[in-house]
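A look at the structure
Chain by chain, the residues:
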Amino acid sequence: MHFKKKTMRNTLLIITFVLLHHKASSQWPKIYGQDYFRSYSMGVVETYDKGFLINYDFLKYINSEQNSGLLKLDINGEKLWKKELKANNKYIKVEGLALTKDNGIIISGRTTMLDVNTDPFVMKLNSCMEVEWCNIYHTPNLEDMADEIVYLPDENAFLMILNNHSYSNQERVNVMKIDSIGNLIWNNVICTNNLNYIGAIGLGLDYNNLNSKIIVRGFVYVYDSTGWYFLKPYYADINTNGNLNWEIYNYPDSTYTYGFSCNNTLFSNSEIVGIVHNYNDRNTAIVKIDFHGNFVSVNSLHKPDTVVSTQNYSSNIIDSSLYFGRQYFVEDYPNVAKGYAYLQKTDNHGNFINEVKIRDFTSVISGIGVTKDKKLAVAAWADELNSNFLFSKYNRDLEYDTLYNSPFIYDYDCSSSISSGFIEMNCNTIIKVEELERDKTRSLKIAPNPAKDYCIIYLPDTYSKVDVSAIFNVTTSYTDYVKDVTIEVWDINSKLVNQFNLPNGIKEQVIKTSNFKKGIYLVKAYNNSGVYLTGKFIVQ
């Protein structure tokens, strides 16, 4: 009788498990974005209340400007609310999302709110999605491409990486440090003063709380023995003052001569795990580097025989297991859009353990988050159509997570529930003075400086225009360039204090400063033909 009861109990447990597994399988994935013309997820994080936050990009309708939004989900992936950024139909793209210790979030990205070129912006939101501050770090008429942002909890400060494509190839990768209320502390150039490579592009920034490691990742252009240049994956360790500790881009395994770091760096024990895409075998590998910048090992990730090439867009780590968002291409060019997304699990060395296909229509796993109870939160989208995106939860064995029936209270920091709607981009403008001074070929001469009652702005005899390519810059000089030039004077708080037009051919202008307050003033001279000159003066 005891044996029968035990057998019956085990049978009930098995039936219960099967029913729960079937219910979980039918629950996942959840699909969103059907109300947009196009939409695609970016990152995903678990919030303080056991919910999830996804930042996503969208086009409201065909030919509309790209915009970004935030989607809040409960523990089972059900939508709670969504917020769209609003900036008068200007281009906005959120690139970075990080949680802060006050249960709020920080987002970084780029926008064309101030001119046709993108500027980096950073916005701090509290846990109720109310804007605490928002800054646009503006360098007029220069192209700043902002990317990821990381939070430094010990300092309550932030680091953001950006690429400035208007500067020389040795000055393009920048890291900015911002304090808790958005003030710019410093903006340092990374990947410079090294004659062994001719240019760099920064692709991301990663921070590890346990050892305070800050890693810049990207790629550099390097000449080979034949005089041709090629890409090499680049990693650099910097401190919180922006100083370079070490950099690495040479790897003993010649298989990885060509390539770039393709997504977030992982930290395992005393090693850095970099994920690189390799052009030679069109596959992804992990490169291990110790904390002193020394190469340790490289290992290709598993690629089925039927797959022509692969890409990798996301990764994460749980204990000693690594998880990768893989994209498999089963056809060669020109049908490369026909990729399929797989969630792959490996050991700490990159040796294959298991993988699961996300869904037939899905091509890109854009984000892999890890929950406090060590589950995987996966955001993905369709590469061909970008019509919608999805969210799924998996356990460490790549099985769908079970549903949670216990009631949870979400957004409990707030006195009232959060509703769907808009986040207004009412941002302050901060002009980056040190970047205006960096390009001496396009500078205004101003004298006397410091000024008291007046100063004279002198346009240079020759104007140099730099056309920037991916690697090299071509400079063209002009003498007859002063046509329809406008001059603007701004104070240090980004307030326009004077504006006037120069007569054609005239290259100097007197400015009366007797009524100006003491301080620093910024000057820019420009026209619609691409002329752009900058300078600054001080009123005492």
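Keep in mind that this is a model prediction, so the values were computed, not measured. (Residues numbered from 1 in each chain as written. Predicted model: local features only at pLDDT ≥ 70, side-chain atom pairs only at ≥ 80, totals over all residues. Heavy atoms only, no water.)

**Regarding the overall build of the protein chain**
Helix and strand counts for the protein chain come out as 2 helices and 39 strands. Sorting the 540 residues of the protein chain into buried and exposed places 55% on the buried side. Nonlocal contacts in the protein chain, meaning residues at least 24 apart in sequence, comprise 51% of its contacts between residues at least 6 apart. When the accessible surface of the protein chain is totalled, it reaches about 24,700 Å², and 50% of it is carbon and sulfur. (Helix = DSSP H or I, 4+ residues; strand = E, 2+ residues; numbered from the N terminus. Buried < 20%, exposed > 50% of the residue type's maximum accessible area, 1.4 Å probe, protein only. Contact = heavy atoms within 4.5 Å. Areas by Shrake-Rupley, 256 points an atom, 1.4 Å probe, with all protein chains shown as cover.)

**Section: the pattern of salt bridges**
Evaluation of the coordinates by the stated rule reveals 25 salt bridges. Here Arg 217 and Glu 148 are joined by a salt bridge, their closest N and O atoms 2.8 Å apart. Here the residue Arg 217 occupies a position in strand S15 (residues 213-223), and Glu 148 occupies one in strand S10 (residues 144-152), the gap between them amounting to 69 residues. Two residues, Lys 213 and Asp 237, come together in a salt bridge whose shortest N-O distance is 2.8 Å. (Salt bridge = Lys/Arg side-chain N within 4 Å of Asp/Glu carboxyl O.)

**Considering the sheet that holds strand S37 (residues 508-512)**
Spatial strand order, S31-S32-S37: 3 strands in an open sheet with antiparallel pairing. Only two strands of the sheet have a single partner each, and these edge strands are strand S31 (445-447) and S37. Across this sheet, the average inter-strand angle for adjacent strands is 20°, counted without regard to direction. Pairing of strand S32 (residues 454-458) with S37 involves 5 bridges; the strand directions are antiparallel. (Pairing = 2+ DSSP bridges. Axes fitted to C-alpha atoms, helices over the stretch in contact; angles between N-to-C directions.)

**Considerations on the state of the cysteines**
If you walk through the whole model with that rule in mind, you get 2 disulfides. A disulfide bridge connects Cys 128 with Cys 414, and the sulfur atoms are separated by 2.2 Å. Disulfide Cys 128 to Cys 414: torsion about the S-S bond roughly -120°, handedness left-handed. Placement of the pair is Cys 128 in the loop between strand S8 (119-125) and strand S9 (131-138) and Cys 414 in the loop between strand S28 (389-394) and strand S29 (421-424), with a sequence separation of 286 residues. Taken individually, Cys 128 and Cys 414 each receive the classification buried, so the pair is uniform in this respect. Disulfide pairing is shown between Cys 134 and Cys 427; the S-S distance is 2.0 Å. Looking along the S-S bond of the Cys 134-Cys 427 disulfide, the torsion reads about 60°, which is the right-handed sense. (Disulfide = S-S within 2.5 Å.)

**Concerning the pairing of strand S17 (residues 244-248)**
The sheet contact formed by strand S16 (residues 229-238) and S17 spans 4 bridges and is antiparallel. Its bridge partner being in S17, Ala 236 is matched across the sheet by Glu 247. Count of turn residues in the S16/S17 antiparallel hairpin: 5 residues, of which Gly 242 carries a positive phi of about 85°.

**A word on the environment of Val 220**
With respect to the helices, strands and loops of the structure, Val 220 is situated in strand S15. Between the alpha carbons of Val 220 and Tyr 197 there is a distance of 6.4 Å; along the sequence they are 23 residues apart. The residues contacting Val 220, other than those within four sequence positions of it, are Tyr 197, Gly 199, Ala 200, Phe 230, Leu 231, Lys 232, Tyr 234 and Tyr 249.

**Considerations on the environment of Ala 146**
Along the chain, the position of Ala 146 falls in strand S10. On the basis of relative accessibility, which here comes to 0%, the residue Ala 146 falls in the buried class. Separated by 38 residues in the primary sequence, Ala 146 and Ser 108 place their C-alpha atoms 7.2 Å from one another. If sequence neighbours within four positions are ignored, Ala 146 has contacts with Glu 95, Gly 109, Arg 110, Pro 120, Met 160, Ile 161 and Leu 162.

**Let's talk about the side chain of Asp 119**
With respect to the helices, strands and loops of the structure, Asp 119 is situated in strand S8. A distance of 2.7 Å separates a polar atom in the side chain of Asp 119 from a polar atom in the side chain of His 138. Each residue touching Asp 119, except ones within four places of it in the same chain, is listed here: Gly 109, Arg 110, Thr 111, Leu 114, Ile 136, Tyr 137, His 138, Thr 139, Leu 142 and Asp 144. (Polar contact = N/O pair within 3.5 Å; in protein donor to acceptor, adjacent residues only side chain to side chain.)

**Brief notes about unusual backbone geometry**
Cis geometry is found at the peptide bond from Trp 28 to Pro 29, where omega equals 0°. As for its position among the elements, Pro 29 is in the loop between helix H1 (2-27) and strand S1 (30-32). A cis geometry characterises the amide bond from Ala 447 onward to Pro 448, with omega recorded as -5°. Relative to the elements of secondary structure, Pro 448 occurs in the loop between S31 and S32. With a phi angle near 75°, Asn 63 is a residue other than glycine that sits in the positive phi range. Relative to the elements of secondary structure, Asn 63 occurs in the loop between strand S3 (52-59) and strand S4 (67-73). At Leu 398, a position not held by glycine, the phi torsion is positive, near 65°.

**A closer look at the packing of aromatic side chains**
In this structure the tally under the stated criterion is 17 aromatic pairs. Centroid distance Tyr 56 to Phe 58: 5.8 Å. Interplanar angle 40°. Geometry classified as tilted. Residue Phe 58 is classed as buried on the basis of its relative accessible area, which comes to 3%. Centroid distance Tyr 521 to Phe 537: 5.5 Å. Interplanar angle 15°. Geometry classified as stacked. Of the two residues, Tyr 521 sits in strand S38 (residues 519-526) while Phe 537 sits in strand S39 (residues 532-539), which places them 16 residues apart along the sequence. (Phe/Tyr/Trp six-rings, centres within 6.5 Å; stacked < 30°, edge-to-face > 60°.)

**Looking at the sheet that holds strand S7 (residues 105-111)**
Spatial ordering of the open sheet is given by S6-S7-S8-S9-S30, a layout of 5 strands whose pairing is mixed. Strand pairing shows two members of the sheet lacking a second neighbour, strand S6 (92-99) and strand S30 (428-431), which therefore form its edges. Across the sheet, the axes of successive neighbouring strands diverge by a mean angle of 20°, strand direction being ignored. As judged from the 4 bridges shared by S9 and S30, these two strands associate in the parallel manner. Pairing of Tyr 137 across the sheet is with Ile 430, part of S30.

**Quick look at the confidence of the model for the protein chain**
With 82% of its residues at a pLDDT of 70 or more, the protein chain shows a mean pLDDT of 83. Of all secondary-structure elements in the protein chain, the lowest mean pLDDT belongs to H1, at 45, while S4 reaches the highest, 97. Overall, residues 436-441 carries pLDDT values under 50, and its contacts beyond four positions in sequence, including any with other chains, amount to 12 contacts. (pLDDT = per-residue confidence, 0-100.)

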